[in-house]
Amino acid sequence: MTSSTIERPAPVKNRASKQRSARTGAGSAPLFGLPAAAVVALLLYLPFLWTTYVSFTDYDGLASPVWSGLANYKAMFSDPDLIGALVNTLLWVVGMVTLPVVLGLLIAVLTYGHRWGTWLRLPFLLPYAISGVAVGVIWGFVLQPDGALGQALGYFGLPGAHTGWLQAGPGNTLMMVVAVTWQAAGVNALLFVIGLQSIPAEPLEAARLDGADGFRLFLHHLWPQLRPITTVVIGLSIVGSLKTFDVVWVMTQGGPGTSSETLALSMYKETFVLNDYGQGAAIALFLSLVTFAASILYLRYQLSDGDSR
Amino acid sequence: MNKTSSGPVRTAILVVLGLIWLAPVYLLIVNASKAVDGYDAASVWKPSGFSLFANFGDAWEKAALGDTLVATTLYSVVAPVLAVLIGAAAGYAIVVLRLRRGFLWFVFIFGGTIFPLQMILMPLFSGFADSGLYDTRVGMIIVYTAISVPFSAFVMRNFFTGIARSVFEAAIVDGGGMFRIFRSIYLPMAGSALAAIFILQATFVWNDLLLGLTLSQSESVRPIMPALTGLQSTYGGAALPTVLAGGLLVSLPTVVLFLAAQRFFSRGLALGQF
């Protein structure tokens, strides 16, 4: 931004108006930036501040909020249901940074440079265009007791044909992680492919000529250069998994009981079902802080590489 | 890479994995096509009969999809268009017009995406209720636009950074005003980036559940995903083909959009990540 002062030869122009605008156009610049800033301030930041305040109060949405200090936060770590939701959310995070990331990387490496790579990648990308709700509907059907998965296992004589996949925790959470993996692996693969495309080809060819192949080629030559994009993918996975709502809402509503509830779901229930706005707000702020910490991981890359394209 | 890397083992792994990935899609289509009467839950893998369109009709009626479809289409077109324009204007101000403290503006606008939706749900609900925006189409458009602006501004800032400064200088010499330069030079140049953002955001709006669930209730305002969950809970496991047909029906638009514009999807992702 400071360099703008250098390249101004200030030629002798007759019309003053032209010169004024040629300077930078800074006069009208705020007008162009204002709508975005205003919308974001009014509909995102203002609610954010209100939620932050409410999280330290006792508030039912009707009477005025009453200051209650950290009570809502203490409840989060003492109420067994909320602790359960915390553990489930942690399960989601761990599940989502492993399954879809590893599969995405595998799909990317296998399809990259493959003659029919684009086509072979398509089945994995298709679920990405489908909503969380539809994914929930499809997998709720697949995972019914003695449903599609059970019948397939039975057909191949494998154990587990009569398992109630969604009937008890933590198994129900794990199966829902599988469902979301089905949706998310493809887009991770696409991100890894974008990462692979940015790796120069020559060193790889040289390594290949030196006799490196398959797994060794991957481990020593590809993997180190995929570090930045891996950080982005893992960061996005953490952020996404903390917000998990749609699939759980459709498949189990957090049940049976609260056995598959996530914090995002608890927040919704506390606020809009139980009218405990303060508790819901505390959960939301907690989720935000963790999300923010995870975002820093990958935002550094996003912001620093901002002008590479 | 060369031909050895398209080896049979590699292809075989991909084909097997791909088939596993397509299995749920197969199950969805086959079972959404079965007649509700005489539906056999014990043989879901075998196709039988073709009542897909009857089931579509059922789902359409039971979930009042007609109204919600109009509303959702409106949201998924209008909100992303507004967001793309507002975001592009911000990118233009920051990069091209060299807005003072532009980076701070950028961080402020982009920062809007960092926290999860849960953080703004309750105040939006209360605020919308107080201001009469709750359960209105205008309210839904406003909120979807706001959510989409930060990403749009982010991508457009990156895009405009890649355009040579001389373009702007030439336009100034030609005597264009700031608004005309934006409208007739920068926006047209950004066509592919705008399309990429539009497609990603339209998909987001179409697929949204949480905001729709929180900020609407009537059939003519409620977006399609909350409507679908309504269908599911009404029916439980009783008329599975109807529920599945509903799931298939609401997925068709985004899947078709995706297949038709795969290039833009990848581009949007690439622009968003770097």
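It should be emphasised that the depicted structure is a prediction, and the values quoted were computed from it without experimental measurement.

Student: Explain the overall build of chain A to me, and be specific about the residues and the numbers.
Tutor: A tally of regular secondary structure across chain A gives 14 helices and two strands. Burial analysis of chain A (309 residues in total) assigns 44% to the buried set. Once local pairs closer than 6 in sequence are excluded, the contacts in chain A between residues at least 24 apart make up 68%.

Student: Lay out the overall build of chain B with the relevant residues and their values.
Tutor: Across its full length, chain B carries 13 helices and zero strands. Mapped in sequence order, the helices and strands of chain B form the string α-α-α-α-α-α-α-α-α-α-α-α-α. Projected onto its principal axes, the C-alpha coordinates of chain B cover approximately 75 × 65 × 30 Å. With 274 residues in all, chain B has 50% of them scored as buried. Across chain B, the fraction of contacts at a sequence separation of at least 24, relative to all contacts at a separation of at least 6, is 78%.

Student: Give a detailed account of the domain arrangement of chain B, specifying residues and quantitative values.
Tutor: The accessible area lost on association of the parts is a frequent measure of interface size. Residues and elements named next belong to chain B. Assigned domains within chain B: domain 1 (3–51) and domain 2 (59–273). One C-alpha centre belongs to domain 1, the other to domain 2; they are set 32 Å apart. Each partner contributes to the interface: domain 1 provides seven residues, whereas domain 2 provides eight residues. Here the residues of the side of domain 1 that touches domain 2 are counted per class, giving five nonpolar, one polar and one charged.

Student: Describe the interface of chain B and chain A, and please don't skip the residues or the numbers.
Tutor: In this complex, chain B contributes 81 residues to the contact, which on the side of chain A involves 80 residues. When residues in the side of chain B that touches chain A are grouped by element, the largest group, eleven residues, is from helix H1 (residues 8–32) of chain B. For the side of chain B that touches chain A, the class distribution of residues is 54 nonpolar, 24 polar and three charged.

Student: Got a sec to walk through the nonpolar core? Specific residues and values, please.
Tutor: A general tendency of soluble globular proteins is for nonpolar side chains to be buried together. With 175 residues, the main nonpolar core has Ala36(A), Ala89(B), Tyr92(B), Ile109(B) and Val143(B) as its most contacted residues. Counting residues per element, this core draws most heavily on helix H3 (residues 65–96) of chain B, which supplies 17 residues. Both domain 1 (3–51) and domain 2 (59–273) of chain B contribute no fewer than three residues apiece to this core. Sequence-distant contacts of Ile109(B), defined by excluding residues within four places in its chain, comprise Ala36(A), Ala37(A), Val40(A), Ala90(B), Val149(B), Pro150(B) and Ala153(B).

Student: Please give an account of unusual backbone geometry that cites residues and values.
Tutor: For the bond running from Gly169(A) to Pro170(A), omega is 0 degrees, close enough to zero to count as cis. Its place among the elements puts Pro170(A) in the loop between helix H7 (148–155) and helix H8 (171–197). The omega torsion of the bond from Gly255(A) to Pro256(A) falls at -5 degrees, within 30 degrees of zero and hence cis. Locating Pro256(A) in the fold gives a position in the loop between helix H12 (246–251) and helix H13 (263–273). One non-glycine residue with positive phi stands out, namely Gln253(A), at about 55 degrees. With respect to the helices, strands and loops of the structure, Gln253(A) is situated in the loop between H12 and H13. If you check the backbone angles, Arg101(B) has positive phi at about 55 degrees while not being a glycine. Its location among the elements puts Arg101(B) in the loop between H3 and helix H4 (102–111). Judged by local crowding, Arg101(B) falls into the exposed class, with 11 C-beta atoms found within 10 Å.

Student: For the confidence of the model for chain B, give the residues involved together with the corresponding values.
Tutor: In low-pLDDT segments, the atomic positions of the prediction should not be examined closely. On average, residues of chain B carry a pLDDT of 88, and 93% of them reach 70 or more. Our summary of model confidence lists the complex with pTM equal to 0.87 and ipTM equal to 0.88.

Student: Let's hear about helix H2 (residues 52–62) of chain B: which residues, and what values?
Tutor: All names here are of chain B. Residues Asn55, Asp58 and Ala59 constitute the buried set of H2. Across the axial projection of H2, the buried residues extend over an arc of 95 degrees, all falling on one side. Residues of H2 that are exposed and point over 90 degrees away from its buried face: Phe53 and Glu61. Just downstream of H2 lies alanine 64, where phi reads positive at about 50 degrees.

Student: Break down the confidence of the model for chain A for me, with residues and values.
Tutor: The predicted model of chain A averages 85 in pLDDT, with 87% of residues at 70 or higher. Contacts for the low-pLDDT stretch residues 1–22 of chain A, under 50 throughout, to residues beyond four places or in other chains number nine contacts.

Student: Could you give an account of the packing of H4(B) against helix H6 (residues 137–161) of chain B, with specific residues and numbers?
Tutor: All names here are of chain B. Relative to each other, H4 and H6 sit at 140 degrees, their axes nearing to 7 Å. In terms of axis orientation, H4 runs oblique to H6. Residues Phe106, Ile109 and Phe110 of H4 form the contact with H6, whose own contacting residues are Val149, Pro150, Ala153, Phe154 and Arg157. Its residues placed into classes, the contact of H4 with H6 shows seven nonpolar, no polar and one charged.

Student: Could you give an account of the environment of Ile234(A), with specific residues and numbers?
Tutor: Residues and elements named next belong to chain A. Mapped onto the fold, isoleucine 234 is located in helix H11 (residues 227–242). Residue isoleucine 234 is classed as partly exposed on the basis of its 18 C-beta neighbours within 10 Å. Taking the C-alpha atoms as reference, isoleucine 234 lies 5.7 Å from valine 97; in sequence the two are 137 residues apart. Filtering out sequence-adjacent residues up to four positions away, isoleucine 234 remains in contact with Val97 and Val101.

Student: Quick rundown of the environment of Trp50(A)? Include the residues and the values.
Tutor: For Trp50(A), the position within the fold is in helix H2 (residues 29–54). The class of Trp50(A) is partly exposed, set by 19 C-beta atoms lying within 10 Å.

Calculation criteria
Residues numbered from 1 in each chain as written. Chains lettered and ligands numbered in written order. Predicted model: local features only at pLDDT ≥ 70, side-chain atom pairs only at ≥ 80, totals over all residues. Helix = DSSP H or I, 4+ residues; strand = E, 2+ residues; numbered from the N terminus. Buried ≥ 20, exposed ≤ 12 C-beta atoms within 10 Å, placed from the backbone. Contact = placed C-beta atoms within 7 Å. Domains from an automatic or database assignment. Nonpolar A, V, L, I, M, F, W, Y, C, P; charged D, E, K, R; others polar. Core = buried A, V, L, I, M, F, W, Y, C linked by C-beta atoms within 7 Å. pLDDT = per-residue confidence, 0-100. Arc of directions from axis to C-beta. Axes fitted to C-alpha atoms, helices over the stretch in contact; angles between N-to-C directions. Parallel < 35°, antiparallel > 145°, perpendicular 65-115°, else oblique.

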